[in-house]
Amino acid sequence: MKKNETNKAIEGLFPTLEETLEEEQVREVETQPPIEEEKKEETKPQKNDIINNQKKKKAIGRPRINPEENYKITFIVDSEIEDYMKQQPYITMESRKDYVNRLIKEDFEKRIGATSQDDENSIQRKWIEYKERVRGSF
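The structure contained in this document is the topic of the report that follows. Bear in mind the structure is a predicted one, so any value in this text is a computation, not a measurement.

Each value, and the rule that gives it
- Residues numbered from 1 in each chain as written.
- Predicted model: local features only at pLDDT ≥ 70, side-chain atom pairs only at ≥ 80, totals over all residues.
- Heavy atoms only, no water.
- Helix = DSSP H or I, 4+ residues; strand = E, 2+ residues; numbered from the N terminus.
- Areas by Shrake-Rupley, 256 points an atom, 1.4 Å probe, with all protein chains shown as cover.
- Patch = residues over 30% accessible without salt bridge, like charges linked within 9 Å, V, L, I, M, F, W, Y side chains within 5 Å.
- Salt bridge = Lys/Arg side-chain N within 4 Å of Asp/Glu carboxyl O.
- Buried < 20%, exposed > 50% of the residue type's maximum accessible area, 1.4 Å probe, protein only.
- Expected span 1.5 Å × (residues − 1).
- Axes fitted to C-alpha atoms, helices over the stretch in contact; angles between N-to-C directions.
- Parallel < 35°, antiparallel > 145°, perpendicular 65-115°, else oblique.
- Left-handed = near helix turned anticlockwise from the far one by under 90°.
- Contact = heavy atoms within 4.5 Å.
- Nonpolar A, V, L, I, M, F, W, Y, C, P; charged D, E, K, R; others polar.

### Brief notes about the overall build of the protein
Scanning the protein for helices and strands turns up seven helices and zero strands. Beginning at the N terminus, the succession of helices and strands in the protein can be written as α-α-α-α-α-α-α. With the model as given, the accessible surface of the protein reaches about 14,300 Å², and the carbon-plus-sulfur share is 52%.

If you want it as structure tokens, here you go:
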């Protein structure tokens, strides 16, 4: 074999310098990050997108009053009756909520002049009359 023929035979077996450079350029293009145009779109979100994508934070502290729920109240008991209030569920055999509601209802009925024979309508009528009397005194 001649020298030129040998070189041609070897050329097919091993890549040339030009082919290796082309392969490296193709690999660099494949490994490059996405085009900058996509980044520009991400860095300029609209205000609506920001508001819609925000995560809602859990509220800290006292919850807001829901008008559909019953009226809630928290109070501090005087030190003289603290022990009684701790033992109250065992003494009266009713929950603290029921106990306090019963006491308030008894005071309410006594204050407006309602009796045990009065129905809901008459109690409401007496309550409205009582409010008008009290407002007139101020």
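### Some thoughts on a nonpolar patch on the surface
Nonpolar side chains collect at one region of the surface, where Tyr71, Ile73 and Phe75 lie side by side and expose about 430 Å² of accessible area between them. Along the chain, the position of Ile73 falls in the loop between helix 4 (47-53) and helix 5 (82-92). Exposure remark for Ile73: the relative accessible area of 61% places this residue in the exposed category.

### Let's talk about unusual backbone geometry
Here Met93, not a glycine, exhibits a phi torsion of approximately 60°, which is positive. Looking at the element boundaries, Met93 is found in the loop between helix 5 and helix 6 (96-112).

### A closer look at the pattern of salt bridges
Evaluation of the coordinates by the stated rule reveals five salt bridges. A salt bridge links Glu106 to Arg102, with the nearest nitrogen and oxygen atoms 3.1 Å apart. Of this pair, Glu106 and Arg102 both sit in helix 6, four residues apart, roughly one helical turn. Given a relative accessible area of 33%, Arg102 falls into the partly exposed group. Salt-bridge contacts for Lys126 lead to Asp118; the nearest nitrogen and oxygen are separated by 2.8 Å.

### Observations regarding helix 6
Taking 1.5 Å per residue, 17 residues should reach 24 Å; helix 6 reaches 24 Å between its end C-alpha atoms and fits that length. A positive backbone phi angle near 85° is found at Gly113, which sits one or two residues after helix 6.

### A word on the packing of helix 6 against helix 7 (residues 120-137)
In the contact formed by helix 6 and helix 7, the axes pass within 9 Å of each other and the chain directions differ by 65°. Between helix 6 and helix 7, the angle is such that the two are roughly perpendicular. When you trace helix 6 past helix 7, the crossing you get is left-handed. Mapping the contact onto sequence places Phe108, Glu109, Arg111 and Ile112 in helix 6 and Ile123, Lys126, Trp127 and Tyr130 in helix 7. Taken together, the residues of the contact of helix 6 with helix 7 sort by class into five nonpolar, no polar and three charged.

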